[in-house]
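Examining the three-dimensional arrangement
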Amino acid sequence: MIDVLIVEPNKLPYEKTIENTLEAKQEIVDGLIECTGLLKDSEVSIICNEEGKINGMKPNRDIGHDIIFGPFVIVGYDDSGEDRSLTEEQINKYKKKFDELSIYKTMCKINQI
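Let me sum up the structure you'll find in this document. These numbers were taken from a predicted model, which means no experiment stands behind them.

**Re unusual backbone geometry**
You will see that Asn-10, though not glycine, has its phi angle at about 60 degrees, which is positive. Among the secondary structure elements, Asn-10 is positioned in the loop between strand E1 (2–7) and strand E2 (14–18).

**Examining the packing of aromatic side chains**
Each aromatic ring pair is specified by the distance between its two centres and by the angle formed by the two planes. In the structure shown here, the tally under the stated rule is two aromatic pairs. Geometrically, the ring pair formed by Phe-72 and Phe-98 is edge-to-face, given 5.5 Å between the ring centres and 75 degrees between the ring planes. Here Phe-98 lies in the loop between helix H2 (88–97) and helix H3 (100–112) and Phe-72 lies in strand E7 (residues 72–77), a separation of 26 residues in the sequence. Across the pair, Phe-98 and Phe-72 agree in class, each one buried. Between Tyr-94 and Phe-98 the ring centres are 6.3 Å apart and the planes differ by 25 degrees, which places this aromatic pair in the stacked class. Judged by its relative accessible area of 2%, Tyr-94 falls in the buried class. Connected via pairs of aromatic rings, a cluster forms that spans Phe-72, Tyr-94 and Phe-98. We note Lys-97 situated over the ring of Phe-98; from NZ or CZ to the ring centre the distance is 5.8 Å.

**Brief notes about H3**
Given 3.6 residues per turn, any residue in an α-helix points the same way as the ones three and four places further on. With 13 residues, H3 ought to run about 18 Å at 1.5 Å a step, and its terminal C-alpha atoms sit 19 Å apart, in line with that. Among the residues making up H3, those that are buried are Ser-102, Ile-103 and Thr-106. Down the axis of H3, the buried set is contained in an arc of 105 degrees. They therefore lie on one face. Along H3, the residues that are exposed and aim more than 90 degrees away from the buried face are Glu-100, Tyr-104, Lys-105, Asn-111 and Gln-112.

Reading the values: rules and limits
Residues numbered from 1 in each chain as written. Predicted model: local features only at pLDDT ≥ 70, side-chain atom pairs only at ≥ 80, totals over all residues. Heavy atoms only, no water. Helix = DSSP H or I, 4+ residues; strand = E, 2+ residues; numbered from the N terminus. Phe/Tyr/Trp six-rings, centres within 6.5 Å; stacked < 30°, edge-to-face > 60°. Buried < 20%, exposed > 50% of the residue type's maximum accessible area, 1.4 Å probe, protein only. Lys NZ or Arg CZ within 6 Å of the ring centre and 35° of its normal. Expected span 1.5 Å × (residues − 1). Arc of directions from axis to C-beta.

If you want it as structure tokens, here you go:
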């Protein structure tokens with residue numbers, strides 16, 4: 001079991017304890033998973049639907065180098081290659097990063113395209 005943050009389109013992030021399995025992550029993102037990172041944080045990973053942009057999922061958040069479509073999961077990451085629980089500090093940091101303002105900024109960016 002690992003503690004993660006789930007970020008859904010137009011919603012605030014929330015904490016959840018999930019099984020550390022491929023199937024549990026696929027269920028949250030509603031399909032095949034893809035992992036990406038955040039430009040300034042190598043200690044977390046974002047797990048999203050690899051086909052979110054092409055299968056009609058709603059835009060979610062701008063992460064700097066991409067806009068994620070559909071729900072995504074933020075997990076702890078280290079060099080072992082295994083996902084791990086987020087720390088309390090990471091949970092607080094990413095709740096703030098993906099707050100209401102991030103929803104607004106993402107929608108503004110999409111409307112400019």
